[in-house]
Amino acid sequence: MESLAQLEALCERLYNSQDSVERAHAENTLKCFSVNTDYISQCQFILDNALTPYALMLASSSLLKQVTEHSLALQLRLDISNSCSQSTCVFAIYAFHVCVSLITYVLVLMFCSVGNYLINYLAKRGPELQSFVTASLIQLLCRLTKFGWFDDDRFRDLVKESTNFLSQATSDHYAIGLKILNQLVSEMNQPNPGLPSTHHRRVACSFRDQSLFQIFQISLTSLGQLKSDVASRLQELALSLCLKCLSFDFVGTSIDESSEEFGTVQIPSAWRPVLEDPSTLQIFFDYYAITEAPLSKEALECLVRLASVRRSLFTNDAARSKFLAHLMTGTKEILQTGQGLADHDNYHEYCRLLGRFRVNYQLSELVNVEGYSDWIQLVAEFTLKSLQSWQWASSSVYYLLGLWSRLVTSVPYLKGDAPSLLDEFVPKITEGFITSRFNSVQAGFPDDLSDNPLDNVELLQDQLDCFPYLCRFQERARMQTGDKSEISVIEAKLAWIVHIIAAIVKIKQCTGCSLESQEVLDAELSARVLQLINVTDSGLHSQRYCELSKQRLDRAILTFFQHFRKSYVGDQAMHSSKQLYARLSELLGLHDHLLLLNVIVGKIATNLKCYTESQEVIDHTLSLFLELASGYMTGKLLLKLDTIKFIVANHTVFISLESTPDSMFRTDAVKCALIGLMRDLRGIAMATNRTYGLLFDWLYPAHMPLLLKGISHWTDTPEVTTPLLKFMAEFVLNKAQRLTFDSSSPNGILLFREVSKLIVAYGSRVLSLPNAADIYAYKYKGMWICFTILARALAGNYVNFGVFELYGDRALSDALDIALKMTLSIPLADILAFRKLTKAYFAFLEVLFSSHITFILNLNTNTFMHIVGSLESGLKGLDTNISSQCAAAVDNLAAFYFNNITMGEAPTSPAAINLARHIVECPTLFPEVFSDLKAQILASQPVDQHQRLSVCFDKLMADVARSLDSKNRDKRSSTVLVLLAQLEDGRDSSQSVGVTLG
């Protein structure tokens, strides 16, 4: 590049030339400034010396691109700033030679210098620059600020620097300050191609917390100061700044800027005082009143955002109601004056503002605001005018219809005496919508199909999505305001008519003769009753099951069915009543008694479903069903009905599951059926006490293999194993001594064998499965249910477990072995972390130490010590039930030790020998702690109390026999309590003496 003049000429051709070849040549020549980092210093030179705005634009835009796309080469920006001090450069050179790692710090300093240079440049030359050059430089400044936000605190001083522009006397500098703040908010709110999205979000959140509120306050202050400056560009900048602050992505939802829809505005709590200040809301209403479009539109946009702030922002309901009242008052004044609504953009934005009432406020809040009646009337009139102006306001009507649809859907939840007045206005709006659509057809359209509302599919769908709610509300209001007494009278009259028809149909079985004319007449009358059923169980009548007149009518219909069944249902009646069924076939398509019987069963099902509060109708319905089921012919006919087949099929799930081959057992259908069956069986088992024997005889032995098959195929699916195991846990529970088998019955043993098979099948498979992310749901839940099953079965007192060892049956041994493996597979920390697992584990240990301690003692020493150690952890817990269970287990172990080791001459039984071995390998298991405990307690007491306490300890062991009978235990407990009381008295007396001496 030979001279600056040549560059300025190229820039002129780049931006202004009409010749594409010439413009392309200039672009290729100047491309180096934006892609080559070596030209950064030249860009600064251009900014300092160029005279044409196009050259300045080139330098600014090139630097912006360099900052965005070449952020790693920031050291090259040293040449951009002339304001960098000599000490900074010396320090940078020194740091570079000392340690390469300090380069980042140097670059930060340079980056700050760039920002200072741009601010000084704008302050000095900004007012004389072209607007597009100023905008480009400000964008560069804000991009630098964003990219270096976390590198140095000085990058965050841009807001402060901007306020310096606002404090200067000239309006040009004031405008530059507002432009900088506008661009800064926009820059922070929008992702950049050269910045990772996570880093962008971190910068945006930091900017939101540290600077955004201050900028919003500056914008409000500017609006207040510029209120008298009519039609000023400064007003436009201040309003734009307010809108950008309120439109900021506060929580990172990435709002689609192309869409007019947005959710609740999540303004931070720190903004609460400003938002609750009435002047904040009022200033935007004032600006709407004093400005023309497009400024007035921006004021409305700010109001739309304010109307969408989150509910929780306000201090209390009173503050929120005050804010809502202010909004309603402001919108009402606009409707009363109609100011600005002649402008299409204002009109559309005002409709959006009204639409926000449907999203962020409830009908109960609106009706309690003073002046609601005037406001809703004005909104209704405005809506009707908008509907009539369909050509002009077609895209805005959607928001109004949305408001009304939301209001009417809230009516059922409206409480209090305040009237909503919707029943007055909604019918008019409904009629106005339909009329306006018809008028649009009659008006005719030009050739452009886009002007026809029927061709605008998106707009048509939006409006029709809201309109049905208005129609439903109008229909519901008409039903609710209808004369219920009149409906009751009609139902009573119909009940009489049905009773008369039932009496006429009944005569056939009394006379014993059948004339064709009588059958045709009966068919005509019966067809009316059957058609009446369709009417009474649909529409408005489906909401009247609690009305007495409706119940009387349905009881009359049941009486008709009873008489009709006796006269015309059955094989013999079918053959002798051909004329009746031929006529019914013509009238209703019911050509035989099976179809008619299906109608009767359908009515029975409807009554059982809908008349849960009417005992009389339920009794009458069940009586009819009993007659059908108990009749010889009708009972056989019922089994031919698809409805009955479906019911029966759903009660024979056992058969279908048991007949399913193994290759088909892992299907979703089997899974759902098995889950439902196990839940049903568990409910049945929970309800059986005296009838437990019937349930047992039904399930054993015919259906028990299905449980084993299910647990074997679905071990890795907790959705199946959990209900299955829970059923078994309920099935083996001997609550209220319901498992009372005959003394000679082996049922208890047989039941435990099935339990053993089930637990062994589940445990052996679940232990081999890999651990999942949610290990509790995947493994631990099934394991603790297994522990519960075993604990209940072992403590149920309905099995003689000695039989298993006597006859060499390993059912008990296998069940205990697999249960032990499951307990050892769970870390003790996990056992104590999950409450249900903890309870099941220690309940199982209590039963083992109580009734099967030999199994515990026969374990190897490491396993034995692990179990005993877990008891210690349970004793230290805060749950009294668990600590009691652990204490009981320790008591049983100590009793066995005392009886077989302490009092015995030498261990003789295998269990005692094993316990002695455990003691040898772990001497601290049963230490001689009494003397050590005595010495420890005496040492902790004052010296003058030692003699008295020694006597107490001697008395503790006096007259106590070395046995574990209940009398001796009670005596020992009482002496321990006396010792504790004396220790407490000694502590109190020593404390009182210490106080006196002090």
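Residues numbered from 1 in each chain as written. Predicted model: local features only at pLDDT ≥ 70, side-chain atom pairs only at ≥ 80, totals over all residues. Heavy atoms only, no water.

K.L.:
I'd like to hear about the overall build of the protein, residue by residue, with values.
P.N.:
Across its full length, the protein holds 50 helices and zero strands. Excluding contacts between residues fewer than 6 apart, the proportion of contacts in the protein whose partners are at least 24 apart in sequence is 72%. Just so you have it, the protein exposes about 50,100 Å², and 55% of that area is on carbon and sulfur atoms. (Helix = DSSP H or I, 4+ residues; strand = E, 2+ residues; numbered from the N terminus. Contact = heavy atoms within 4.5 Å. Areas by Shrake-Rupley, 256 points an atom, 1.4 Å probe, with all protein chains shown as cover.)

K.L.:
Go over the confidence of the model for the protein with me, naming the residues and quoting the values.
P.N.:
Chain-level statistics for the protein give a pLDDT mean of 80 and a share of 81% at 70 or above. Within the protein, helix H6 (residues 86-98) has the poorest average pLDDT of any element, 30, and helix H37 (residues 718-731) the best, 97. In this model, residues 446-450 is a region of pLDDT below 50 whose contacts with residues beyond four sequence positions or in other chains number two contacts. Here residues 991-998 is modelled with pLDDT under 50, and outside its nearest four sequence neighbours on either side it reaches zero contacts, counting other chains as well. (pLDDT = per-residue confidence, 0-100.)

K.L.:
Let's hear about helix H30 (residues 615-630): which residues, and what values?
P.N.:
Over its 16 residues, H30 runs 22 Å from end to end, which matches the ideal 22 Å to within 8%, given 1.5 Å per residue. Within the span of H30, buried status applies to Val617, Ile618, His620, Thr621, Leu624 and Leu628. Considered in projection along H30, the buried side chains sweep an arc of 165° and stay on one side of the axis. In H30, the exposed residues that point more than 90 degrees away from the buried face are Gln615, Leu626 and Ser630. On its buried face, H30 sits against helix H26 (548-568), helix H29 (593-610) and helix H31 (632-638). (Expected span 1.5 Å × (residues − 1). Buried < 20%, exposed > 50% of the residue type's maximum accessible area, 1.4 Å probe, protein only. Arc of directions from axis to C-beta.)

K.L.:
Residues and numbers for the pattern of salt bridges, please.
P.N.:
For the coordinates displayed, the defined rule picks out 27 salt bridges. Arg583 is the salt-bridge partner of Glu586, the closest N and O atoms lying 2.7 Å from each other. A residue pair is termed a helical-turn pair when its members lie 3 or 4 positions apart in one helix, as Glu586 and Arg583 do in helix H28 (residues 578-588) at three residues. A salt bridge links Glu730 to Arg738; the nearest nitrogen and oxygen atoms lie 3.4 Å apart. Residues Glu730 and Arg738 agree in their burial class; the two are buried. Put simply, Glu524, Arg528, Arg583 and Glu586 are held in one network by salt bridges that share partners. (Salt bridge = Lys/Arg side-chain N within 4 Å of Asp/Glu carboxyl O.)

K.L.:
Give me the lowdown on empty space enclosed by the protein, citing residues and values where you can.
P.N.:
Counted by the stated rule, this structure contains five cavities of 30 Å³ or more. For the second largest cavity, the calculated volume is near 40 Å³. Residue lining of the second largest cavity: Ala325, Met328, Thr329, Lys332, Val369, Glu370, Gly371, Tyr372 and Trp375, and that is the complete set. Contributions of two or more residues to the lining of the second largest cavity are made by helix H16 (317-337) and helix H19 (372-388). Top element by residues in the lining of the second largest cavity is H16. It accounts for four residues. (1 Å grid on protein atoms, 1.4 Å probe; cavity = no way out; pocket = protein on both sides within 12 Å on 5 of 7 lines; lining within 4 Å. Points joined across faces, edges and corners; volume = space filled by probe spheres on them.)

K.L.:
Could you give me a rundown of helix H21 (residues 397-409), with the residues and numbers involved?
P.N.:
Taking 1.5 Å per residue as the helical rise, H21 with its 13 residues ought to reach 18 Å, and the 18 Å between its terminal C-alpha atoms agrees with that figure. Across the 13 residues of H21, 11 count as buried, placing the element largely inside the fold. Among all positions of H21, only Val397, Tyr398, Tyr399, Leu400, Leu401, Gly402, Leu403, Trp404, Ser405, Leu407 and Val408 are buried.

K.L.:
Any details on the side chain of Ser136? Residues and values, ideally.
P.N.:
Mapped onto the elements, Ser136 comes out in helix H8 (residues 131-147). Since its relative accessible area comes to 5%, Ser136 is described here as buried. Excluding residues within four positions of it along the chain, Ser136 makes contact with Met57, Ser60 and Ser61.

K.L.:
Hey, could you go over the nonpolar core for me, with residue numbers and the actual values?
P.N.:
Burial of nonpolar side chains together is a common tendency in soluble globular proteins. Counting 134 residues, the largest nonpolar core has Phe284, Phe357, Trp404 and Leu422 as the members making the most contacts within it. The residues touching Phe284, leaving out its near neighbours within four places in the chain, are Leu220, Leu223, Leu239, Cys242, Ala299, Cys302, Leu303 and Leu306. With 94 residues, the next largest nonpolar core counts Val653, Leu837, Tyr841 and Cys886 among its residues. (Core = buried A, V, L, I, M, F, W, Y, C linked by side-chain atoms within 4.5 Å.)

K.L.:
Give a detailed account of the environment of Gly602, specifying residues and quantitative values.
P.N.:
Topologically, Gly602 is positioned in helix H29. Separated by 41 residues in sequence, Gly602 and Thr643 place their C-alpha atoms 8.3 Å apart.

K.L.:
Before we move on, can you summarise the packing of helix H45 (residues 861-875) against helix H46 (residues 880-902) with the specific residues and values?
P.N.:
Close contact between H45 and H46 brings their axes to 8 Å; oriented N to C, the two are set at 140°. By the angle between their directions, the pair H45 and H46 is classed as oblique. In the crossing of H45 with H46, the sense of the turn from one axis to the other is left-handed. Taking contact as the criterion, the partners of Phe864, Val868, Leu871, Gly874 and Leu875 in H45 are, on H46, Ile882, Ser883, Cys886, Ala887, Ala889, Val890 and Leu893. Within the contact of H45 with H46, the residues separate by chemical class into 10 nonpolar, two polar and no charged. (Axes fitted to C-alpha atoms, helices over the stretch in contact; angles between N-to-C directions. Parallel < 35°, antiparallel > 145°, perpendicular 65-115°, else oblique. Left-handed = near helix turned anticlockwise from the far one by under 90°. Nonpolar A, V, L, I, M, F, W, Y, C, P; charged D, E, K, R; others polar.)

K.L.:
Any chance you could break down the packing of aromatic side chains for me, citing the residues and the numbers?
P.N.:
Counted under the stated rule, the structure contains 30 aromatic pairs. For the pair Tyr398 and Tyr399, a centre-to-centre distance of 5.1 Å together with 65° between the ring planes defines the contact as edge-to-face. An identical accessibility class is assigned to Tyr398 and Tyr399; each is buried. Ring plane angle 65° and centroid distance 5.8 Å describe the contact between Tyr780 and Phe834, whose orientation is recorded as edge-to-face. Pair noted here: Tyr780 is in helix H39 (residues 775-794) and Phe834 is in the loop between helix H42 (828-833) and helix H43 (835-851), with a separation of 54 residues, a long-range link. Tyr780 gets classed as buried once you look at its relative accessible area, which sits at 3%. The structure contains a cluster of three or more aromatic residues connected by ring pairs, namely Trp149, Phe207, Phe213, Phe216, Phe248, Phe250 and Trp271. (Phe/Tyr/Trp six-rings, centres within 6.5 Å; stacked < 30°, edge-to-face > 60°.)

K.L.:
Break down the environment of Arg437 for me, with residues and values.
P.N.:
Position of Arg437 among the secondary structure elements: in helix H22 (residues 422-443). A relative accessible area of 17% places Arg437 in the buried class. Taking C-alpha positions, Arg437 is 8.8 Å from Gln388, a pair spaced 49 residues apart along the chain.

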